[in-house]
Amino acid sequence: MDDPDNVLSICIKRDQIWQSTLDHLLFFEPWELALKHIKITFENEVGSDFGGLTREWLALLNKEIFNPDYGLFQLSANKTSY
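Residues numbered from 1 in each chain as written. Predicted model: local features only at pLDDT ≥ 70, side-chain atom pairs only at ≥ 80, totals over all residues. Heavy atoms only, no water.

(A) Expanded view of the pattern of salt bridges. Per the counting criterion, the structure on display carries three salt bridges. Two residues, Glu 45 and Arg 14, come together in a salt bridge whose shortest N-O distance is 2.7 Å. Note that Glu 45 is positioned in the loop between strand S2 (37-42) and helix H3 (52-65) and Arg 14 in the loop between strand S1 (7-12) and helix H1 (17-25), a separation of 31 residues in sequence. Arg 14 serves as the salt-bridge partner of Glu 56, at 2.7 Å between the closest nitrogen and oxygen. With Glu 56 in helix H3 and Arg 14 in the loop between S1 and H1, this pair connects stretches of sequence that are 42 residues apart. For Glu 56, a relative accessible area of 30% gives the class partly exposed. In the salt-bridge network here, residues are joined through shared partners; they are Arg 14, Glu 45 and Glu 56. (Salt bridge = Lys/Arg side-chain N within 4 Å of Asp/Glu carboxyl O. Helix = DSSP H or I, 4+ residues; strand = E, 2+ residues; numbered from the N terminus. Buried < 20%, exposed > 50% of the residue type's maximum accessible area, 1.4 Å probe, protein only.)

Following this line, the structure appears as structure tokens:
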């Protein structure tokens, strides 16, 4: 079992995954994010995070980061991201 002092528990809103993640992560110090274990739950959903929820969260977050609506990445002339 994880040491409670070494775990960052985060409850994410699935329909607002980008904003919800930012809202939570801004409260932590960079060293905490680097050294502590992140434990994810999704709001209003039953589930225990034994790694699966964290993997799902990272996959969904990754998809959102590359969402063209955010303008974080643009296609270059040869249609590759930069």
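The structure having been displayed, the exposition proceeds.
(B) Representation of the packing of aromatic side chains in the model. Taken as a whole and judged by the stated rule, the model has zero aromatic pairs. Sitting over the ring of Phe 42, Arg 14 keeps its end group 4.0 Å from the ring centre. (Phe/Tyr/Trp six-rings, centres within 6.5 Å; stacked < 30°, edge-to-face > 60°. Lys NZ or Arg CZ within 6 Å of the ring centre and 35° of its normal.)

(C) Quick peek at the pairing of S2. What you see with S2 is a clean split: Ile 38, Ile 40 and Phe 42 sit on the buried side and His 37, Lys 39 and Thr 41 on the side with no burial. As judged from the six bridges shared by S1 and S2, these two strands associate in the parallel manner. Across the sheet, residue Val 7 finds its bridge partner in S2, namely His 37. (Pairing = 2+ DSSP bridges.)

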